[in-house]
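Next come the chains, spelled out residue by residue.
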Amino acid sequence: MERKNNYKAWLYLAPILIFIFLFTIFPIINTFIISFLKNYNYATGANEGFTFENYGLILGITERIPGVSESKMLDFIRYALPNTLLITFVSVPISVILALVISILLNKIKVLHDLFQTIFFLPYVTNTIAVGMVFAIIFSNTGLFNNIFGLGNVNWVQEGLGSTWGKCMFVLCLYVIWTGLPFKILIFSSALHNIDQQYYDAARIDATPKWKTDLKIVLPLISPQILYITITSFITGFKEYNAIIGLFNRSYTINPNVHDLYTVVYYIYDQIQGTNGTRHLEYAAAGAVVLFVIILIFTLIQMKVAKKRVHY
Amino acid sequence: MEIKLVALTKKYPGDVKKGIKDTVAVDNLSIDIKDGELLGLLGPSGCGKSTTLYMIAGLKDPTSGEIYFDDEDVTDLEAEKRGIGLVFQNYALYPHMTVYKNIAFPLTNLRVSAPKKAYKALSYKLILDVISDRERLKKATLKSEIDGKITKDNAALYIAYEYSISKYLAKKIFSLGLHDDNNKDKVDEYKTYFEKKLQEEKEKINSKQKKIDDNFVYLDENNNPLIVKRKLTKDEIDRLILDVARLVQIDEYLDRKPAELSGGQQQRVAIARALVKKPRVLLLDEPLSNLDARLRIKTREEIKRIQRETNITTIFVTHDQEEAMSICDDIVVMKDGKMMQFGAPQDVYKNPSDLFVAKFLGNPPINVFKGYIKDDAVFIGDEKIMHLDHKENYRDCYVGIRPEAFIFEHDKEYHLTLNIDSIQSTGKDTSLICSHPQFVGDQLKVVIDSDSNPVLGKKDFALKYSKVYLFDMKDEKRIEL
């Protein structure tokens, strides 16, 4: 009875399944394959057979081949990976905690609640590149940030013009935190909104201090949403790319040889695009697989931790 | 504790612009609730009974009127300071905490004025008491055996109950292994050890220039117990939880999460959580509505038992008249925020003050007919159904006849003829579904003795006058003749 009309369901699903296979499944498999091919030619598909060398090269294990230093393959292990980890592990925890605090406070106020909610959600509908450019202006040497804090003529975002890696990272993390907030606040707010008023009433009857209600009752009740947000934020953090373009793109036009602000995804794009006409899809593929493995490991760890602490 | 409601009113303001009128949820309600009483607030949904309960709890503010706990005016007192226990309709158990932690939660917030004790010395003393009688300890421990195995947690629970000590201390004692016959000789060894420890502890206290009495309570300069404002200790909390868990019979489930319990068990946990802090008043909001029929009857007996044992003033909100009738000392019947009648359930049932109360109480419900009073008799249609002692002026009225008021006998002069449409036998008695042209309502039901042998068709019934009520056509108030 249940199986009789199965083919119909498959038929209806066919268009989307074909697209998913063509543009998601196949590229994933292909990426795995390419990452193991030596000197892969993106146009003809020609290669020199199976190798682990691509991984060895981008991770700095295998010695560099003399004469191909312009591929800058070492930038992966030297800049892209450390930067990505730094961005993720600094900005994600701060952003999640900040979003939680804001959501809980937002949930408590009655007056102007809707207005504040809109304000907090506005960044979500703004183009990230545009936000990045605004940030770049705010943090330029004559920008708002210097003016507000009276810091004088500090250049924060233009590496070629006096900024340093540290300053750029500071602005970058700030940017990632800020742009990440609205979606998190939206999810947390709706989760908080769905908590049964009876839990608050029960806590009140039991003379629970407000902070204790938030910490011991409210947080555990929205723990599934916290887990969801944490995992997706980590994944987004690992994939950070837009921010670099929006914030620092100009510095590359001034000094195209400085790559210390690379992230993993930026590195991958650069390898695909190629420098000086040489494209290295095999390095890009290897970088993508490394990123995949990192994300997988962290997600599994989070799921494991969640088993004990998340209450559905 | 007595509770007094004086002209309590709750209005929800409407919106003049949108033409929404004010909603009066509770209207000028005055009730005196006696100490240790189980009071039922009874009424159809939307009658304001839950609102009344929440105002007593302090979760809703009354628009006007006052609430007194004994002589204390608590109208403006915050909920957390009223010292009440509230059982919510959906229990509102914290899903992420075990049953134990759920019950412990209110206690962790509590600050009590209590004597300061020398806890360490006290615990040595308790251990000494327990191990002095090895046989008793062995017996208590062996009782915890399940499938020939003794686990630490389970044994500790049994020891804790046997000696009224905390589970933590019981675990410590269990770890000594004295229940095992192989360790028989070690009793004296342990005794000397703990006696020495106790002595050391006492000397330590003495060396600090402090005094304690025989119960290890610190004394002040005048040798009075030293009372301090403090939080409950872990051991005290544990003791209270074990006691209340036993009272509501959930001691086996303390380590489970609420989701792993049945509805009835969750209900008990909710009651335990409300009772554990020894509230001055216990409020129950439709506590049985989420249970199935059988469990409902069992649980309501349970509530009554717990209420009797604790003798705590209890207010119970329900829309189920049977529930209220069966366990409450007094009931308040409410309609549209107003109190319709107050009294003992049987009195209210026997003497309803108006048609609404008469209709609301009783299962199956009362049968209402359109009738009239003429001379010295009550008529329905052309039939005289009841004799009156004196002559009355003609007036139309509603006649309410309880299903059990019909007598399966023929009476020449005063009777009511019904058409019997169907017969249902429940074994104990027989219900007849009947019809009559003057009947108002859904179903005319007559309950008679199962010995009678009714047949379908027309039949005239004599009536028990005490179960026939007359109500005014206009204001539906009872007509007393």
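Computed from a prediction, not measured in an experiment: that's the story for all the values here.

1. Comments concerning the interface of chain A and chain B
Thinking step 1. Taken together, the 18 residues of chain A in the interface contact 25 residues of chain B.
Thinking step 2. Summing both sides of the interface, chain A and chain B together bury roughly 1800 Å²; the carbon and sulfur share of this comes to 58%.
Thinking step 3. One can count two salt bridges joining chain A with chain B.
Thinking step 4. With a closest N to O distance of 3.4 Å, Glu80(B) and Arg204(A) form a salt bridge.

2. Remarks on the environment of Asn393(B)
Thinking step 1. Tracing the sequence through the fold places Asn393(B) in strand 16 (residues 383-401).
Thinking step 2. Separated by 169 residues in sequence, Asn393(B) and Asn224(B) place their C-alpha atoms 77 Å apart.

3. A short note on a negative patch on the surface
Residue and element names in this part refer to chain B.
Thinking step 1. On the surface, Glu 2, Asp 32, Asp 35, Asp 70 and Asp 71 cluster together into a patch of negative charge.
Thinking step 2. Here Asp 71 is to be found in the loop between strand 4 (64-69) and strand 5 (72-73).
Thinking step 3. Overall, the relative accessible area of 76% leaves Asp 71 in the exposed class.

4. Things to note about the domain arrangement of chain A
All names here are of chain A.
Thinking step 1. One can read the domain layout of chain A as domain 1 (6-69) and domain 2 (73-309).
Thinking step 2. Relative to domain 2, the C-alpha centre of domain 1 lies at a distance of 29 Å.
Thinking step 3. The interface of domain 1 with domain 2 comprises 16 residues on the first partner and 16 residues on the second.
Thinking step 4. Across the domain 1 to domain 2 interface the summed buried area is about 1600 Å²; carbon plus sulfur atoms make up 77%.
Thinking step 5. Put simply, domain 1 and domain 2 have zero salt bridges between them.
Thinking step 6. Elements supplying a minimum of two residues to the side of domain 1 that touches domain 2: helix 1 (6-35) and helix 2 (53-58).
Thinking step 7. Across the side of domain 1 that touches domain 2, the residue classes tally to ten nonpolar, five polar and one charged.

5. A word on the layout of surface pockets
All names here are of chain A.
Thinking step 1. Of the volumes computed, that of the largest pocket is approximately 810 Å³.
Thinking step 2. Lining of the largest pocket is provided by 27 residues; of these, Asn 107, Lys 108, Lys 110, Gln 197 and Tyr 200 occupy positions nearest its centre.
Thinking step 3. Those elements giving two or more residues to the lining of the largest pocket turn out to be helix 3 (75-108), helix 4 (113-121), helix 7 (165-193), helix 8 (197-205) and helix 9 (210-221).
Thinking step 4. With five residues, helix 8 is the single largest residue contributor to the lining of the largest pocket.
Thinking step 5. Here the residues of the lining of the largest pocket sort into nine nonpolar, ten polar and eight charged.

Reading the values: the criteria
Counting of residues starts from 1 at the beginning of each chain's written sequence and follows it residue by residue. A letter from A marks each chain and a number from 1 marks each ligand, given out in the order of writing. Per-residue local features are limited, in this predicted model, to residues with pLDDT of at least 70; the limit for side-chain atom pairs, both in listing and counting, is 80 or more; totals at the level of whole chains, interfaces and linings are taken over all residues. For the side-chain quantities, the full set of heavy atoms in the structure was used; hydrogens and water were omitted. Any two residues whose heavy atoms approach within 4.5 Å are treated as being in contact. Computed with a 1.4 Å rolling probe, the buried area is the accessible surface lost when two parts are put together, summed over both parts. Basic side-chain nitrogens of Lys or Arg form a salt bridge, by our definition, when they fall within 4 Å of a carboxyl oxygen of Asp or Glu. Counting from the N terminus, the helices are DSSP H or I runs at least four residues long and the strands are E runs at least two residues long. Only residues above 30% relative accessible area that lack a salt bridge enter a patch, with like-charged residues linked at up to 9 Å and the nonpolar side chains Val, Leu, Ile, Met, Phe, Trp and Tyr linked at up to 5 Å. In short, Shrake-Rupley with a 1.4 Å probe defines the accessible areas, and a residue's cover is counted only from the protein chains shown. Residues scored as charged are limited to Lys and Arg (positive) and Asp and Glu (negative), so that His and the chain ends carry no count. By convention, the charge on Lys lies at NZ, on Arg at CZ, on Asp at CG and on Glu at CD. Each residue is placed in one exposure class: buried if its accessible area under a 1.4 Å probe, protein chains only, is under 20% of its type's maximum, exposed if it is over 50%, and partly exposed if it falls in between. For the domains described, the bounds stem from an automatic or database domain assignment. As a working rule, the residues Ala, Val, Leu, Ile, Met, Phe, Trp, Tyr, Cys and Pro are called nonpolar, Asp, Glu, Lys and Arg charged, and the rest polar, with Gly in that last group. For each structure, a 1 Å grid was placed over the protein atoms alone; sets of points admitting a 1.4 Å probe that cannot get out are labelled cavities, open sets with protein on both sides within 12 Å along at least five of seven lines are labelled pockets, and lining residues have an atom within 4 Å of a point. Grid points are joined across faces, edges and corners, and a volume is the space filled by probe spheres set on the points.

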